[in-house]
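# Reading the structure
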Amino acid sequence: MKHFLNTQDLSRDELDALLAQAAAFKRTPMGDDLKGRSIALLFFNPSLRTRSSFELGAFHLGGHAIVLQPGKDAWPIEFDYGTVMDGEAEEHIAEVAQVLGRYVDLIGVRAFPKFVDWAVDREDRVLKGFAKYSPVPVINMETITHPCQELAHALALQERFGTTDLRGKKYVLTWTYHPKPLNTAVANSALTIATRLGMDVTLLCPTPEYLLDERYMGWAEQNVAESGGSFTVSHDIESAYSGADVVYAKSWGALPYFGNWGPEKPIRDRYKHFMVDEAKMAQTNNGAFSHCLPLRRNIKATDAVMDSPNCIAIDEAENRLHVQKAIMASLIKQ
Ligand code: CP
């Protein structure tokens with residue numbers, strides 16, 4: 001793989017190899033895969049887990065990480081080609097990516113949507129700009145998908161069920177309430193990886209307005225056709241939770257209201273009861289619960305759900321470290 005932008009770009013063998021390598025790094029954390037090598041981590045948005053785990057992962061493998069925040073401690077960057085740069089941006093992605101490529105061996109990028117126009121944000125132009133101009137491999141650290149989180153989630157499920165074969169597990173991706181409209185990245189990713197791994201996947205959301213972008217709905221359909229799993233949409237909490245082996249929660253803003261969030265707020269506020277609680281989890285098949293974190297307790301999930309032995313969110317967060325070491329080691333070897 002030239003870059004690590006989306007798991008959908010990887011073959012099933014490549015995906016399985018990354019997960020196996022991540023499990024190996026979990027057993028044996030130190031190595032010299034990045035000895036004398038370096039990675040630039042560009043954060044256009046805040047992070048706790050991604051920044052910590054990438055920096056430490058590079059250190060564990062003998063490498064060095066540089067963290068940059070464009071617009072804060074690095075110059076603001078222009079991504080459009082042919083534009084007259086008379087605005088905020090001081091330099092163009094063409095120079096930024098090429099210059100960094102002369103210094104480092106890998107580039108990680110976190111760039112959330114601007115939340116103004118989904119037609120623009122869905123083009124993922126920051127990540128694509130780096131991938132286009134960078135002479136070294138680029139890693140998606142969350143843009144409109146979050147593939148590192150996908151691998152950490154998949155590894156946590158494999159550990160939970162004691163098998164790398166997750167086919168046939170009943171998997172519920174449930175929308176949860178949050179006071180603000182959030183990025184669809186993790187929901188897009190959860191749908192992608194769960195269908196890829198052959199699970200029986202239900203997307204549970206309040207109304208059809210909360211369906212995900214057609215690209216990811218399409219990937220889900222394509223994946224279950226290939227993996228033998230299934231994919232259904234539900235707006236009914238009780239039937240979706242019934243017998244579930246996995247409940248994965250995430251909040252996101254409804255795409256039809258993208259950039260015009262005022263009318264979406266009263267709709268979202270009507271569905272606060274989508275919060276994951278003990279009563280809902282009691283309907284599952286002793287199901288595992290997870291979330292990518294950060295999570296607002298007693299808004300998205302109750303204290304009891306988060307503190308339950310069935311909650312694997314901390315394992316998933318730990319796995320970010322292991323899977324990202326596998327990604328960096330794999331990219332640097334090629
Ligand atoms: N899950 C995740 O990416 O966490 P951060 O936003 O803290 O990096």
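Just so it is clear, the structure is predicted and the values come from calculations on it, not from any experiment.

### Points about the overall build of the protein
- Within the protein, the regular secondary structure consists of 13 helices and 11 strands.
- Its C-alpha radius of gyration of 20 Å places the protein within 12% of the 20 Å reference for a compact globule of 334 residues.
- Taking the principal axes of its C-alpha atoms as reference, the protein extends roughly 55 × 50 × 35 Å.
- Here the protein holds 334 residues, and 57% of them are scored as buried.
- By sequence separation, contacts in the protein at least 24 residues apart represent 80% of the contacts at least 6 residues apart.
- Separation of charge centres in the protein, based on 35 positive and 42 negative side chains, amounts to 3 Å.

### Describing the domain arrangement of the protein
- When the domains of the protein are assigned, the result is domain 1 (7-145 + 320-332) and domain 2 (149-316).
- Each of domain 1 and domain 2 has a C-alpha centre, and these two points are 25 Å apart.
- Taken together, the contact between domain 1 and domain 2 spans 28 residues of the former and 35 residues of the latter.
- Summed over both sides, the interface of domain 1 with domain 2 buries roughly 2,700 Å², with 56% coming from carbon and sulfur.
- Three residues stand out in domain 1 for area buried against domain 2, namely Gln8, Phe115 and Trp118, and they jointly supply 28% of the buried area on that side.
- At the boundary of domain 1 and domain 2, one finds 2 salt bridges.
- When the shortest N-O distance is used, the salt bridge between Asp213 and Arg122 registers 2.8 Å.
- Taken together, the links from domain 1 to domain 2 amount to 14 residue pairs in polar contact (both at pLDDT 80 or more).
- Contributions of two or more residues to the side of domain 1 that touches domain 2 are made by helix H1 (12-27), helix H4 (118-121) and helix H13 (313-333).

### Describing the site of the ligand
- In the vicinity of the ligand, the contacting residues are Ser47, Leu48, Arg49, Thr50, Arg110, His146, Gln149, Cys292, Leu293 and Arg320.
- Here a nitrogen atom of the ligand sits 3.1 Å away from a polar atom, N or O, in the main chain of Cys292.
- Computed on the free molecule, the ligand has an accessible area of 250 Å², of which 94% lies beneath the protein chains in the complex.
- A breakdown of the residues in the shell around the ligand according to their chemical character gives 3 nonpolar, 4 polar and 3 charged.
- When residues of the shell around the ligand are sorted by domain, at least three fall in each of domain 1 (7-145 + 320-332) and domain 2 (149-316).

### Regarding the sheet that holds strand E2 (residues 64-68)
- Spatially, E2-E1-E5-E6 is the arrangement adopted by the 4 strands of the open sheet, whose pairing is parallel. This sheet does not close on itself; its edge strands, each paired only once, are E2 and strand E6 (138-140). When strand polarity is set aside, the average angle formed by the axes of neighbouring strands in this sheet is 20 degrees.
- Each of strand E1 (38-43), E2 and strand E5 (106-110) is contacted by helix H3 (residues 93-103), which is oriented at about 150 degrees to E1, the strand it contacts most.

### A short note on the packing of aromatic side chains
- All told, the structure shown has 10 aromatic pairs when counted by the stated rule.
- Ring centres of Trp118 and Phe258 lie 5.3 Å apart, and the angle between their planes is 55 degrees; this geometry places the pair in the tilted category. Residue Trp118 is found in helix H4, and its partner Phe258 is found in the loop between strand E10 (246-250) and helix H10 (264-269); the two are separated by 140 residues along the sequence.

### Considerations on the nonpolar core
- By size, the foremost hydrophobic cluster in this structure holds 92 residues, and its most contacted members are Phe4, Ile39, Ile139, Tyr171, Leu173 and Phe289.
- Examining the composition of this core, we find that 9 residues originate from one element, H13, more than from any other.
- Composition of this core by domain shows at least three residues from each of domain 1 (7-145 + 320-332) and domain 2 (149-316).
- For Tyr171, the contacting residues outside a window of four places in its chain are His153, Leu157, Ala190, Ala194, Met199, Asp200, Val201, Thr202, Val246 and Tyr248.
- Ranked by size, the runner-up nonpolar core spans 21 residues in total, among them Ala40, Leu42, Val104 and Leu127.

### Things to note about the sheet that holds strand E11 (residues 288-290)
- Taken together, 5 strands build an open sheet; the order of strands is E9-E8-E7-E10-E11 and the sheet is parallel. Because the sheet does not close on itself, it has two edges, and the strands there are strand E9 (230-234) and E11. Looking at each pair of strands side by side, their axes are set apart by 20 degrees on average, direction ignored.
- Two strands pair when backbone bridges link them, and strand E7 (residues 170-175) and E10 are joined in this way by 5 bridges, in the parallel orientation. The residue of E10 that forms the bridge with Val172 is Val247.
- Sheet strands touched by helix H8 (residues 214-227): strand E8 (200-204) and E9. Its angle to E9, the strand with the most contacts, is close to 140 degrees.

The rules behind each value
Residues numbered from 1 in each chain as written. Predicted model: local features only at pLDDT ≥ 70, side-chain atom pairs only at ≥ 80, totals over all residues. Heavy atoms only, no water. Helix = DSSP H or I, 4+ residues; strand = E, 2+ residues; numbered from the N terminus. Rg over C-alpha atoms; globule rule 2.2 N^0.38 Å. Buried < 20%, exposed > 50% of the residue type's maximum accessible area, 1.4 Å probe, protein only. Contact = heavy atoms within 4.5 Å. Lys, Arg positive; Asp, Glu negative; His and termini not counted. Charge placed at Lys NZ, Arg CZ, Asp CG, Glu CD. Domains from an automatic or database assignment. Buried area = accessible area lost by both parts, 1.4 Å probe. Salt bridge = Lys/Arg side-chain N within 4 Å of Asp/Glu carboxyl O. Polar contact = N/O pair within 3.5 Å; in protein donor to acceptor, adjacent residues only side chain to side chain. Near = heavy atom within 4 Å. Areas by Shrake-Rupley, 256 points an atom, 1.4 Å probe, with all protein chains shown as cover. Nonpolar A, V, L, I, M, F, W, Y, C, P; charged D, E, K, R; others polar. Pairing = 2+ DSSP bridges. Axes fitted to C-alpha atoms, helices over the stretch in contact; angles between N-to-C directions. Phe/Tyr/Trp six-rings, centres within 6.5 Å; stacked < 30°, edge-to-face > 60°. Core = buried A, V, L, I, M, F, W, Y, C linked by side-chain atoms within 4.5 Å.

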